[in-house]
Amino acid sequence: MSGVRRLLHVGVAVLLLAMAHVIERPVSPSVYYVSPDGDDRAPGTANRPWRTLQHALRQATGGDTIYLREGTYYESGLEVNLRGSAEAPITVRSYPGER
């Protein structure tokens, strides 16, 4: 086997091992917050929530929880293409103690 071909085989093997590591590594569920006073450019944290449920739904993946802070939300035409599953659902709920 030529040096170039051997190098190519080694490179492919390393790439496949790296991809397997990324695919198998579990991702911790995230908790996001949405508030009528938020900003979709914020990180979606309790102190810096997003403004729209639409933005939160686009960011959420399986196992994540989205808390809606108290207030009135004016959104229409929500597109829901969730990336959850029966084993790792996306949960949307009101913030504890708020309605």
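Preceding this section is the structure that the text describes.
Residues numbered from 1 in each chain as written. Predicted model: local features only at pLDDT ≥ 70, side-chain atom pairs only at ≥ 80, totals over all residues. Heavy atoms only, no water.

1. Focus: the sheet that holds strand β1 (residues 31–34)
Quick reminder of the rule: Strands were regarded as paired on the criterion that DSSP finds at least two bridges between them. Under the scheme used here, helices are H or I runs from DSSP no shorter than 4 residues and strands are E runs no shorter than 2 residues, and both carry numbers assigned from the N terminus. Helix axes use the C-alpha atoms of the stretch in contact, all axes being lines fitted to C-alpha atoms, and the angles between their N-to-C directions lie in the range 0 to 180 degrees.
Spatial strand order, β1-β2-β3: three strands in an open sheet with parallel pairing. Lying at the two open borders of the sheet, with one neighbouring strand each, are β1 and β3 (91–94). Averaged over all adjacent pairs, the angle separating strand axes in this sheet is 25°, with direction ignored. Where β1 and strand β2 (residues 65–68) come together, four bridges link them in parallel fashion. Bridging across to β2, Tyr32 finds its partner in Ile66.

2. Examining the nonpolar core
Formally: What is meant by a nonpolar core is a set of buried Ala, Val, Leu, Ile, Met, Phe, Trp, Tyr and Cys residues, joined one to another through side-chain atoms within 4.5 Å. Buried residues are those whose accessible area, probed at 1.4 Å on protein chains only, stays under 20% of the maximum for their type, while exposed residues exceed 50% and partly exposed ones sit between those limits. Note on contacts: a residue pair is in contact if any heavy atoms of the two residues lie within 4.5 Å.
Judged by nonpolar contacts, Tyr32, Val34, Trp50, Leu53, Ala56, Leu57, Ala60, Ile66 and Ile90 together constitute the single largest core of nine residues. At the level of secondary structure, the elements contributing two or more residues to this core comprise β1 and α2 (53–59). Looking at this core, the element that brings in the most residues is α2, giving three residues. Among all residues touching Leu53, those that are not within four sequence positions of it are Val34, Ile66, Leu68, Glu75, Leu78 and Val92.

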